[in-house]
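An overview of the molecular structure
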Amino acid sequence: MGGSAKGDMRSQAVRAVASLLERPATHLRDRRTLLHLAWIAAILALALAARSFWVAYAPADPTDGSHVDDTYFYHYSADRLAEGSGYVVPWTGAETAHWPPGYTFFLAGLYWLFGPHVAIGWIANIVLGALTCVAVYIAGCLILNQKAGAVAGLLLAVFPGHIFFSSLLLSETLFTFLVVVAMTLTLLVARQGRDTGMARLILLGVVVGAAALVRGQGLFLLIAAALFWWLSTADWRRALRWAAVVGVTSLAVIVPWSIRNYVAMNSFVFISTNAGGNLWLGNHEGATGRFMWMADEWMRRRYANLPEPQREVAVSNLALREGLKFMFTHPADELRLSATKLRALYEDDEEGLWWIHRPKVGRRVGSIGVIADVADGFYFAVLAVSAGGLAYWLRRRRSAVALPLLVVGVFTLGQLPFFADPRFHFPMLPSFCLLAAVGVVWGAGYVRRFGLPLD
């Protein structure tokens, strides 16, 4: 019994010493967790405050009767869907697939729960915008470190061009949130490596499919993820397997909508019919590379004898054929148009502001000139500093910084076949913030290395 008691005492002593040794590590983990939570709370509070202030200062109400645009469609189509009328054009009642359905269904769910009030859409935009900033913080931590995550999250929290869209019932805010969530999941898959479970890949596929149903460009995320996994693992077979799982899952999310389109439109439409018109607007005789109001009206006149929705499908198919024919028969024009589209895509960051400010119909934003200048200055400053992220990647090719670079590259190239607009760079703003944050943190490290003061 004496020997047993001594053995028990030794065991207790060993456990006590082990506990003492573990305490610093546990304390450190707790401290890091608290720091993460503090940064998330700060970024969330700042983003919510900035977007709430902007919506109060410059609301854009599609029900005020002043203007019919995409915000008008999204609000009223969501209202009709919530009341059980289906996915229809609000002003005709005809079945449609012209716009991707994701944002309308998102709004319709909120309207069904809380009523068809524009303020519900504004609140959703405020919350989604703030959550996007938090997701950017998490992505920045995964890409480099907590400092980079904090800088990226704070940049997006006060990014004027991102804040502007809080007032607009447009798909950009929801789509960009899904883009950043997909980026975060892509980073987690790469970090997990061979131990990555199927569940995480399937979740990423669901997010990619949902993003594609909000805006068709969501499918570009699959390309960016596959390329990133290839670069980060140096194993193209593994990257291809992961991409296949994500692709099949995203297809499973989209196909039910394709079946609905086949039944409702009496024709195969994968997601939406606006792809044909957008392609033609960017590629035809006299194209400017930008949006041209009513330029495709001749197509609608050609099929004026057809009832809706058959007319919508016929116009889309004609536009697709004509746009592709021009692309393959006018290579010199395509080069010129590509340069114009690239400029149109990145030339300023005021587009959300001008969607709100409609002086001809009585909707005005005070001090719009000053606000536009501040927005552009902030935007171009972030773009300039984001070059630091590119420089960092050039020195460390296997680093996770490749992902925001790939997202910017894939989304930019993917836009060039269509017409371009500054509005279309909106989903890339988080990637530019991440690249700028990497540049700032990396640059600060060099300053410290050479013993230069930071303040």
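Check the entry above for the structure.
Presented here is a report on the structure given in the accompanying data block. (Residues numbered from 1 in each chain as written. Predicted model: local features only at pLDDT ≥ 70, side-chain atom pairs only at ≥ 80, totals over all residues. Heavy atoms only, no water.)

Some thoughts on the overall build of the protein
The helix and strand inventory of the protein stands at 18 helices and zero strands. Computed over the C-alpha atoms, the radius of gyration of the protein is 25 Å, within 12% of the 23 Å expected from 2.2 N^0.38 for a compact globule of 455 residues. Projected onto its principal axes, the C-alpha positions of the protein cover 100 × 55 × 50 Å. Taken over 455 residues, the protein has a buried fraction of 51%. In the protein, 75% of the contacts between residues at least 6 apart in sequence involve partners at least 24 apart. Accessible surface for the protein amounts to roughly 21,400 Å². Of this, 66% is attributable to carbon and sulfur atoms. (Helix = DSSP H or I, 4+ residues; strand = E, 2+ residues; numbered from the N terminus. Rg over C-alpha atoms; globule rule 2.2 N^0.38 Å. Buried < 20%, exposed > 50% of the residue type's maximum accessible area, 1.4 Å probe, protein only. Contact = heavy atoms within 4.5 Å. Areas by Shrake-Rupley, 256 points an atom, 1.4 Å probe, with all protein chains shown as cover.)

Quick word on the side chain of Arg238
With respect to the element layout, Arg238 can be found in helix H10 (residues 236-265). On the basis of relative accessibility, which here comes to 10%, the residue Arg238 falls in the buried class. Apart from residues lying up to four places away in sequence, Arg238 is in contact with Gly193, Arg194 and Thr233.

Considerations on the pattern of salt bridges
A side chain with one charge may pair with a side chain of the opposite charge, provided their charged atoms come close. For the coordinates displayed, the defined rule picks out 13 salt bridges. A salt bridge links Glu297 to Arg300; its shortest N-O distance comes to 3.0 Å. Of this pair, Glu297 and Arg300 both sit in helix H12 (residues 297-302), three residues apart, roughly one helical turn. You can call Arg300 partly exposed: its relative accessible area is 28%. One continuous salt-bridge network, built from bridges that share partners, spans Asp70, Glu172, Arg215 and Arg423. (Salt bridge = Lys/Arg side-chain N within 4 Å of Asp/Glu carboxyl O.)

Digging into the nonpolar core
The biggest cluster of nonpolar side chains holds 125 residues, and the ones touching the most others in it are Trp54, Leu187, Phe228, Trp229, Leu353, Val365 and Phe411. Residues within four places of Leu353 in sequence aside, it is in contact with Trp54, Phe164, Val365, Ile368, Ile371 and Ala372. (Core = buried A, V, L, I, M, F, W, Y, C linked by side-chain atoms within 4.5 Å.)

Notes on the packing of helix H7 (residues 172-192) against helix H9 (residues 220-233)
Interaxial distance between H7 and H9 falls to 10 Å at its minimum, and their mutual angle equals 25°. When the interaxial angle is binned, H7 and H9 end up roughly parallel. At the point where H7 passes H9, the crossing takes the right-handed sense. Counting all contacts with H7, which are made through Val179, Ala182, Thr186, Leu187, Val189 and Ala190, the residues of H9 involved are Leu221, Ala225, Phe228, Trp229 and Ser232. Residue classes in the contact of H7 with H9 are distributed as nine nonpolar, two polar and no charged. (Axes fitted to C-alpha atoms, helices over the stretch in contact; angles between N-to-C directions. Parallel < 35°, antiparallel > 145°, perpendicular 65-115°, else oblique. Left-handed = near helix turned anticlockwise from the far one by under 90°. Nonpolar A, V, L, I, M, F, W, Y, C, P; charged D, E, K, R; others polar.)

A closer look at the packing of helix H4 (residues 118-143) against helix H5 (residues 146-157)
Contact pair H4 / H5: the axes reach a minimum separation of 7 Å and the direction vectors enclose 155°. By the criterion of interaxial angle, the relationship of H4 to H5 is roughly antiparallel. Of the two possible hands of crossing, H4 and H5 adopt the one that is right-handed. Residue-level contacts link Thr132, Cys133, Val136, Tyr137, Gly140 and Cys141 of H4 to Gln146, Ala148, Gly149, Ala150, Ala152, Gly153, Leu156 and Ala157 of H5.

Considering the packing of aromatic side chains
Given two aromatic rings, one states the distance between the centres and the angle between the planes to describe the pair. Overall, the coordinates contain 27 aromatic pairs when judged by the stated rule. For the ring pair Trp229 and Trp242, a centre distance of 5.4 Å and an interplane angle of 85° mean the geometry is edge-to-face. With Trp229 in helix H9 and Trp242 in helix H10, this residue pair connects regions lying 13 residues apart in the sequence. Of note, Arg358 hangs over the ring of Trp355, and the distance from its end group to the ring centre comes to 5.4 Å. (Phe/Tyr/Trp six-rings, centres within 6.5 Å; stacked < 30°, edge-to-face > 60°. Lys NZ or Arg CZ within 6 Å of the ring centre and 35° of its normal.)

A few points about the side chain of Thr96
Mapped onto the elements of the fold, Thr96 is located in the loop between helix H2 (70-82) and helix H3 (102-114). Not counting the four nearest positions on each side in its chain, Thr96 is found in contact with Tyr87, Val88, Val89, Arg260, Met265 and Glu312.

Digging into a nonpolar patch on the surface
Side chains of Leu251, Val255, Ile259, Tyr262, Val263 and Phe268 sit close together on the surface and give an oily, nonpolar patch of about 630 Å² of accessible area. Looking at the secondary structure, you find Phe268 in the loop between H10 and helix H11 (274-282). (Patch = residues over 30% accessible without salt bridge, like charges linked within 9 Å, V, L, I, M, F, W, Y side chains within 5 Å.)

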